[in-house]
Amino acid sequence: MPVSDWIDVEALPFETLLLLEDPHLHWLPRDWPGNELGVALRAHPSVGDFLRVRLRGAGGWLEALVEGAPEVDAATLRRCEVAVMARMADWLVYVVRPEAYDAQPFLRWSDEELLGLVDPRGKVVLDVGSGTGRLLEPLIADAATVFAVEPIAHLRGYLKTKFAAHAGKLFVIDGLLTEISLPDGTADVTVAGHVYGDEPEREIAELERVTRPGGIVILCPGTNDVDDDGHRALLAAGYAWSTFEEPGDGRKRKYWRTLGVPPERTVGVPPERTVGVPPERTVGAAPGPRPGGEPRP
Ligand SMILES: C[S@@+](CC[C@H](N)C(=O)[O-])C[C@H]1O[C@@H](n2cnc3c(N)ncnc32)[C@H](O)[C@@H]1O
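1. Description of the overall build of the protein
Along its length, the protein carries eleven helices and nine strands. Per-residue burial for the protein yields a buried fraction of 39% across its 297 residues. Sequence separation of 24 or more characterises 71% of the internal contacts of the protein that already satisfy a separation of 6 or more.

2. A word on the pairing of strand β2 (residues 145-149)
Counting buried residues along β2, four of its five residues qualify, which places the element largely inside the surrounding structure. Across five bridges, the pairing between strand β1 (residues 124-128) and β2 is parallel. When the sheet's bridge partners are listed, Leu126 is paired in β2 with Phe147. Inspection of the sheet shows β2 paired to strand β3 (residues 170-173) by four bridges, in the parallel sense. The residue of β3 that forms the bridge with Phe147 is Phe171. Taken together, β2, helix α9 (residues 153-162) and β3 form a β-α-β motif whose crossover is right-handed.

3. So, the sheet that holds β2
In spatial order, the strands read β3-β2-β1-β6-β7-β9-β8; together these seven strands make up an open sheet with mixed pairing. Each edge of the sheet is formed by a strand with only one pairing partner; in this case those strands are β3 and β8 (240-246). Geometrically, the sheet is characterised by an average inter-axis angle of 15 degrees between neighbouring strands, direction not taken into account. In this fold helix α10 (residues 200-209) packs onto β1, β6 (187-192) and β7 (211-224), with an angle of close to 140 degrees to the strand it touches most, β7. Running at roughly 155 degrees to β7, helix α11 (residues 229-236) makes contact with β7, β8 and β9 (250-258) of the sheet.

4. Brief notes about the site of the ligand
What surrounds the ligand is a group of 17 residues, the closest being Gly129, Gly131, Leu176, Gly193 and His194. Of the residues contributing to the shell around the ligand, the split by class is ten nonpolar, five polar and two charged.

5. With respect to the pairing of β1
The buried count for β1 comes to five of five residues, which makes it a mostly enclosed element. Burial along β1 is two-sided: the residues Val124, Leu126 and Val128 and Val125 and Asp127 are all buried. Sheet topology places β1 next to β6; four bridges connect them, and they run parallel. By the bridge assignment, Leu126 is partnered in β6 with Thr190.

6. As for the environment of Ala236
Examined against the element boundaries, Ala236 turns out to sit in helix α11. Residue classification places Ala236 among the partly exposed residues on the basis of 13 C-beta atoms within 10 Å.

7. Overview of the packing of α10 against α11
Packing of α10 against α11 brings their axes to within 9 Å, and their N-to-C directions diverge by 45 degrees. Between α10 and α11, the angle falls in the class oblique. Crossing of α10 over α11 shows right-handed handedness. Seen from α10, the contacting residues are Pro200, Glu201 and Ile204; seen from α11, they are Asp229, Gly230, Ala233 and Leu234. Across the contact of α10 with α11, the residue classes tally to four nonpolar, one polar and two charged.

8. Description of α10
Residues of α10 that are buried: Pro200, Glu203, Ile204, Glu206 and Leu207. Taken around the axis of α10, the buried residues stretch over an arc of 170 degrees, which confines them to a single face. Against β1, β5 (179-180), β6, β7 and α11 lie the buried residues of α10.

9. A word on unusual backbone geometry
The omega angle of the peptide bond from Cys220 to Pro221 is -10 degrees, so this bond is cis rather than trans. Among the secondary structure elements, Pro221 is positioned in strand β7. The phi torsion at Arg56 lies on the positive side, around 50 degrees, for a residue other than glycine. Looking at where Arg56 falls in the secondary structure, it is placed in the loop between α3 (45-54) and α4 (60-67). With phi around 60 degrees, His194 is a residue other than glycine that occupies positive phi space. With respect to the secondary-structure elements, His194 resides in the loop between β6 and α10.

10. Some details on the packing of helix α2 (residues 36-43) against helix α5 (residues 74-87)
Viewed as axis vectors pointing N to C, α2 and α5 meet at an angle of 115 degrees, and their least axial separation amounts to 8 Å. Classified by chirality, the crossing of α5 by α2 is left-handed. Only Leu77, Cys80, Glu81, Ala83 and Val84 of α5 make contact with α2, whose side of the interface consists of Glu36, Leu37, Val39, Ala40 and Ala43.

Rules used throughout
Residues numbered from 1 in each chain as written. Predicted model: local features only at pLDDT ≥ 70, side-chain atom pairs only at ≥ 80, totals over all residues. Helix = DSSP H or I, 4+ residues; strand = E, 2+ residues; numbered from the N terminus. Buried ≥ 20, exposed ≤ 12 C-beta atoms within 10 Å, placed from the backbone. Contact = placed C-beta atoms within 7 Å. Pairing = 2+ DSSP bridges. Right-handed = clockwise from strand over helix to strand, strands pointing away. Axes fitted to C-alpha atoms, helices over the stretch in contact; angles between N-to-C directions. Near = placed C-beta within 6 Å. Nonpolar A, V, L, I, M, F, W, Y, C, P; charged D, E, K, R; others polar. Parallel < 35°, antiparallel > 145°, perpendicular 65-115°, else oblique. Left-handed = near helix turned anticlockwise from the far one by under 90°. Arc of directions from axis to C-beta.

See the structure below:
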């Protein structure tokens, strides 16, 4: 499902961009296609000023866009505004209505994708790129301690509210896949979903740094069902993988590696099947029924 379907950007004023946070501005592509952004910023100088201030002197390219943009009629301006907001619909949903992301049908993949690999009971769990906390849903109740790393402040607030019942053991912190402010070997179980892949080798190295020897790193989902650079980097690092269905969004791949297990034991089996170390051997305790055993949604 395209990210532009996550939120109705046509209902948003262009000033919604004032809610963007520093990481978004850092991720703003300098080669923004077409002239829609320049046209929209020319008509909304306060938004342009905001972006330039937050870019801290690195916003010269925005000024050039505005200078090269034509003045347009109201209908064309609105088309440009909507086109810009549609391209950043994922960022906007996180800062305007995280609950709309949380309600996306594709997030309703089976909890067994995680619970079949790991028993969270008594574990230190770390979720990186936590978003609205989908991966924490099946893990948090039984974990001993949970760290949620998320670069967007608005989402960090959402996570605290969503998991308020577990406030005593949940620590929500700023950070990135490549920059996790936790000591080496912090987690027994490190998970990340829908976020891996911009800098595969650096991301794998950082996820493994914060995971203790014998602990497990799980990317669920890690990539689409394609042999891309992210997939190749994970295979080279010794990750096992399998595929699963994301409702309405096709097959995805999940990956896992128990640190300390030699890479050659986790690869070399035909890819469409679950490969490598059987899930029950990837963590200390065998996955069993959750205490209390209540069904998951
Ligand atoms: C598509 S959402 C996935 C959220 C959640 N893990 C899930 O599976 O539903 C991606 C999340 O990762 C965050 N994010 C994006 N780039 C990141 C990075 N380089 N490091 C850590 N988090 C990142 C975003 O702010 C967003 O909350």
